[in-house]
Amino acid sequence: MADHTLSLTPPSDMSAAQRISLGVLGLGVLLLLVGSLAHPVALPGLWAHLWAYGMLLSLIGGGAAYYYYRFGQGPAGIRNDGNFHRSATQPWGAMAWILGLVFTGFYIILYWWPEYLHSLIALVDPLFQHWFGRSGLPENTGGYYNPWLAYGLLYSLAVLVMGIRFLYKYRHIRYQQVRTLSVMFFQLVFAFVLPNFLAALNGQELYFHYFWPLDYDVLFPSSVATLTQGPAVAQFFFWWALILAVPGTVVLTYFFGKRWYCSWVCGCGGLAETAGDPFRHLSDKSLRAWQIERYLIHGVLLVITVLTVGLLVNWQWSFLPQQWAEGAQQGYGFLIGSVFAGVVGVGFYPLFGSRVWCRFGCPQAAILGILQKYFSRFRITTNGGQCISCGNCSTYCEMGIDVKWYAQREQNIVRASCVGCGICSAVCPRGVLKLESGPTTHKTVIHIDRDEVKLLEP
Amino acid sequence: MSFLTRDWRYGPLPRKIETMRIVIIGNGIAGSTAARYLRKRADHELIMISGESAHPFSRTALMYMYMGHLRYQDTKLYEDFFWSKNRIQLLQDWVTKVDTATKTVHLSQSAPLSFDKLILATGSHSNRFDWPGQDLQGVQGLYSLQDLAALEEWSASTRQAVVVGGGLIGIELAEMLQSRGIHVTMLVREDNYWDNVLPKEEAQLIDRHIEAHQVDLRLSTQLQRIVGDEEGRVKEVVTDGGEVIPCQWVGLAVGVHPNAALAQSMGLACNKGVLVDDYLQTSHPDIYAIGDCAELRQPPPGRKAIEPVWYTGKLMGKTVARTLATTPTPYRPGIWYNSAKFFDIEYQVYGTIPSRPAAENTLLWQDARQWQSIRLHFTAAPPHALQGINVLGVRIRHDVADKMIREAWPLSKVMTHWAALYFDPEMSRSLTPALLDAYRERFPDAPIVPKKKRQLRDLLFFKP
Ligand SMILES: Cc1cc2nc3c(=O)[nH]c(=O)nc-3n(C[C@H](O)[C@H](O)[C@H](O)COP(=O)(O)OP(=O)(O)OC[C@H]3O[C@@H](n4cnc5c(N)ncnc54)[C@H](O)[C@@H]3O)c2cc1C
Ligand code: SF4
């Protein structure tokens, strides 16, 4: 096995076209890296534009072509060869460590020292000026760096290019195609174009596909005040977010399960499903991990609920000193919003799999999960006795669900954490698993004391 | 305060059964299933022995380990703590001898163990057919973890490989080797891949699929001999046509036979496998045999005496557990089913499908471009009772198929309820119209099956 632990592609021969497309993709990466390490700010406008557009086009074009040659040709099927041999996707592989460090480092700088991203911000600035008339450079923002424009672009690019990869990789499964097009659409339109456009129009970046508690600060008193007294679009946004958060979520989850949001709409999910796909098998499947998950995710939900209610009550009948309220708000933003969702959530992809945040931290996922488990028609059906206990389903579950545990006992899978990505069904070599909605009476909820085989059970 | 802990609402506790020691030899799916269900139903002392691995794992996943889809630990049936938590004692050792008179199991490393009941679940061995050169280095079968380790070791120095055998393990070997960039030549004795089981049309679809994966498929070709180099490593094979194919590794995948050596040495009645009656009991009243190693004296209708498949091991394990824990239970496997995957094509079969079906018994629909095929097998006389379903590239619901075959549904009724059989992922292409067309073409006078309109509800719930 040692001879191909460091290669990035399977050891089969690459065609000339594949090499060329890899070259173009490499050029894009080079333009991005060189540009963000030392962007020649002094470049005249035209060259700065050329650089930025060249980077964008070679990343998208090269990426699309490369993944077409890698996954888009010949018979379609599951292509997981070498995932546990290649050091970038191996558990604790050398490349995985490096990638993990780079991602994590990038996030830390992004959140707390954006000025070090000067070159990156300058590199993509011409694009934002051109498209939306926005800028992240201090000379245009009134003295501070706004790295979120550049970040939004990179994030969307990752979803786009890796989304194309996913579309080729699972081209034989229509559910995967539709679902991936959906997350790509929501990222590009709802998380990139629309907020940028609105920000350019009236100064507020509004994300219509996020709502409380993932978008926790919508219900913080300061936002409630600005939104409800803002322009029509802000008011609309406030009520939209509120309607989606309460009746919307309940109704949609009843019919479709948690997946309608987590693997069809959400941006965090969108990145996990596309850029995170090569790392999905790294999630921990042990019972222990499940126990930790239950405490953590419900803990976060509890904290944000208490915090939100507390702040709103305090707004009416102020019982807390102002600094306390602000401190709590900032503390949550720092610990959960930045460290957990951002740094750990994405930075740790190559080490703990693609859904660390969604699984252990996201309060939205917690709510949807409770609904899914107790009040939804969704389940994964196990097909009679066809399971051969091979373990592919559990291995490729990004949420760390031990799917096989249920499948080999001919039990349906009803788990709060399941985001309905459908990959267990895709990788199952015996057609054992199917995501579907059906009468709630037949879905068998299984609780955590699963490993005790009951004595003298009928 | 014992009344608080006792379940007083349900009357007296069940009569305490004398506990006994049950030893299981073999921790494959048959042995493991027996152990798990025994524990579920009774409080006996359970000891499961295997020389191959410390913990039960999935043999069917050997290929995925090699291809890097998963690791050995991912193929374990349960996390390690499961066994101790359920008081099933695991022992990694080889059984060398069993003394039936004193009811003692002798092991190669550990001290002898006495037993009250013994379950033999020793599995199979790969077949070999006295080919010249079959003992050369780099010539092997694929059955155990040890085989896989050997293959792993030879792979690094292998550029070309020959796989002998057109069966389930042969095609898995071809896929495995391909995934490492090793060029594979497959020698298949029959006219088409696995055509002693698959009807010709299905077999030919698989032929084309194998070739689409760049495997050099040689049909109607037999191995004549294997030739080695000076160091005793295989360097080429010679076919019955006299052709010489250079290779550095040869996989012999020409079936398996029951591993009955231990049973024979114990003096149990054996044929090819360990002979068992309806209750899976061997010729010794305290010894049972299950899984690949067992041979039924009287197989139930539609089933074979030896069935070396996963599902049979599981069913036999459940049955013997029930017999030993509570009530003597005859082995009643029900309607046959099986499944496999040929590179990218999933295969499922329910009921009986002969390999050479007569035209009047069969309805076939194929879409070669999508690698899909559906075959229904039924009685020739009206109302054409359903007997079997064979599908490639399509997933079918087990419980529905089982019901239709068990209750011998007339074909027209099957057609009317066809959509209920689908198990393909939501949003997959519906095959109902195509299949109905095939049905109408075949039976122009048959009662027209009402074509259900696709409703908004179906769309909403992703029904095909
Ligand atoms: C590569 C491969 C792929 C397969 N794929 C499929 C599939 O897709 N579907 C399907 O239905 N079937 C498949 N099979 C067949 C299936 O795996 C077997 O039918 C099944 O594993 C048999 O289970 P078992 O418990 O009877 O025996 P085994 O799994 O063989 O277990 C027997 C165990 O007993 C041990 N043992 C034997 N003798 C002794 C002794 N004297 N002392 C100690 N230990 C001993 C052996 O080492 C072995 O570990 C496949 C088989 C192989 C090899
Ligand atoms: S992938 Fe399919 S066959 Fe394998 S363990 Fe999971 S459900 Fe069973």
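Residue positions within a chain follow its written sequence, with the count starting from 1. All chains are assigned letters beginning at A, and all ligands numbers beginning at 1, according to the order in which they are written. Only residues with pLDDT of at least 70 get local features here, since the model is predicted, and only at 80 or more are side-chain atom pairs given and counted; chain-wide, interface and lining totals rely on the full set of residues. Hydrogen atoms and water are omitted, and side-chain values are computed over all heavy atoms in the structure.

Undergrad: How should I be thinking about the site of ligand 2 in this particular structure?
TA: Residue and element names in this part refer to chain A. A molecule or strand has a residue near it when one of that residue's heavy atoms lies within 4 Å. Neighbouring ligand 2 are 13 residues; Cys387, Cys390, Gly391, Cys393 and Cys428 lie closest to it. Those elements that provide at least two residues to the shell around ligand 2 are α17 (392–395) and α18 (403–407). A per-class count over the shell around ligand 2 returns 9 nonpolar, 3 polar and 1 charged. Helical segments are the DSSP runs of H or I of at least four residues, strand segments are the runs of E of at least two, and each set is numbered from the N terminus. We call Asp, Glu, Lys and Arg charged. Ala, Val, Leu, Ile, Met, Phe, Trp, Tyr, Cys and Pro are nonpolar, and the rest, Gly among them, are polar.

Undergrad: So what exactly am I meant to see when it comes to helix α16 (residues 363–374) of chain A here?
TA: Structurally, the α-helix is built with 3.6 residues per turn, so residues lying three or four positions apart point the same way. All names here are of chain A. For α16, spanning 12 residues, the distance from its first C-alpha to its last is 17 Å, which sits close to the expected 16 Å at 1.5 Å a residue. Relative accessibility thresholds used throughout: buried, under 20% of the residue-type maximum; exposed, over 50%; partly exposed, between the two (1.4 Å probe, protein chains only). Summarising burial for α16: 9 of the 12 residues are buried, a large majority. All of the buried residues along α16 are Pro363, Gln364, Ala365, Ala366, Leu368, Gly369, Leu371, Gln372 and Lys373. Looking at the packing, one finds that the buried side of α16 touches α9 (232–256), α10 (259–262), α12 (287–316), α13 (322–347), α15 (356–360) and β1 (378–382). Helix span, expected: 1.5 Å multiplied by one less than the number of residues in the helix. Residue contacts follow a heavy-atom distance rule, with two residues in contact if any of their heavy atoms lie within 4.5 Å.

Undergrad: For this particular structure, what's the right way to read the environment of Leu201(A)?
TA: Mapped onto the fold, Leu201(A) is located in helix α7 (residues 174–202). Residues Leu201(A) and Gly431(A), 230 residues apart in the sequence, show an inter-C-alpha distance of 50 Å.

Undergrad: I tried to follow the packing of helix α6 (residues 148–169) of chain A against α7(A) on my own but got confused; where do I start?
TA: The packing of two helices is summarised by the inter-axis angle and the distance between the axes. Residues and elements named next belong to chain A. The angle between two axes is taken between their N-to-C directions and runs from 0 to 180 degrees, where each axis is a line fitted to C-alpha atoms and a helix contributes only its stretch in contact. Direction vectors running N to C along α6 and α7 enclose 165°, while the axes themselves pass 10 Å from each other. On the basis of their axis angle, the class for α6 and α7 is roughly antiparallel. Considering the relative orientation of α6 and α7, their crossing is left-handed. Where α6 abuts α7, its residues Leu149, Gly152, Leu153, Tyr155, Ser156, Val159, Leu160, Gly163, Ile164, Phe166 and Leu167 lie against Gln176, Gln177, Arg179, Thr180, Leu181, Val183, Met184, Gln187, Leu188, Phe192 and Asn196. Taken together, the residues of the contact of α6 with α7 break down into 13 nonpolar, 8 polar and 1 charged. Here the angle decides the label: under 35 degrees means roughly parallel, over 145 means roughly antiparallel, 65 to 115 means roughly perpendicular, and every other value means oblique. Left-handed is the label given to a crossing in which the near helix is rotated counterclockwise from the far helix by less than a right angle, and right-handed is the label when the rotation is clockwise.

Undergrad: I tried to follow the nonpolar core on my own but got confused; where do I start?
TA: Generally speaking, soluble globular proteins have nonpolar side chains that are buried together. Tyr261(A), Leu433(A), Val105(B), Leu118(B), Leu120(B), Phe342(B) and Leu376(B) are the most contacted members of the largest nonpolar core, which totals 210 residues. Of the residues forming this core, the biggest block, 8 residues, is contributed by α12(A). When near neighbours in sequence (up to four residues on either side) are disregarded, Leu118(B) contacts Val23(B), Ile25(B), Val98(B), Val105(B), Met266(B), Asp286(B), Ile287(B) and Tyr288(B). Counting residues in each nonpolar core, the second largest holds 46 residues, with Leu56(A), Ala150(A), Leu157(A) and Leu282(A) among its members. Definition of nonpolar core: a set of buried residues of the types Ala, Val, Leu, Ile, Met, Phe, Trp, Tyr and Cys, connected through side-chain atoms within 4.5 Å.

Undergrad: Mind showing me how you'd approach the packing of α6(A) against helix α11 (residues 267–274) of chain A here?
TA: All names here are of chain A. It is at 8 Å that the axes of α6 and α11 come closest, and there the two elements cross at 45°. It follows from the interaxial angle that α6 and α11 lie oblique. The interaxial crossing formed by α6 with α11 has left-handed handedness. Between α6, through Tyr155, Ala158, Val159, Met162, Gly163, Arg165 and Phe166, and α11, the contact on the second element is made entirely by Gly267, Cys268, Gly270, Leu271, Glu273 and Thr274. Residue composition of the contact of α6 with α11, grouped by class: 7 nonpolar, 4 polar and 2 charged.

Undergrad: Teacher, can you tell me more about the sheet that holds strand β25 (residues 386–392) of chain B here?
TA: For sheets, the rule is that strands pair by backbone hydrogen bonds, running either parallel or antiparallel. Residue and element names in this part refer to chain B. Should DSSP find at least two bridges between two strands, the strands are taken to pair. Strand order across the open sheet formed by 5 strands is β21-β22-β25-β24-β23, with antiparallel pairing between neighbours. The open sheet has two edge strands with one neighbour each: β21 (337–342) and β23 (362–367). Each neighbouring strand pair of the sheet contributes to a mean axis angle of 10°, computed without reference to strand direction. Where β21 meets strand β22 (residues 345–351), 6 bridges bridge the pair, whose relative direction is antiparallel. Counterpart to Ser339 in the pairing with β22 is Gln348.

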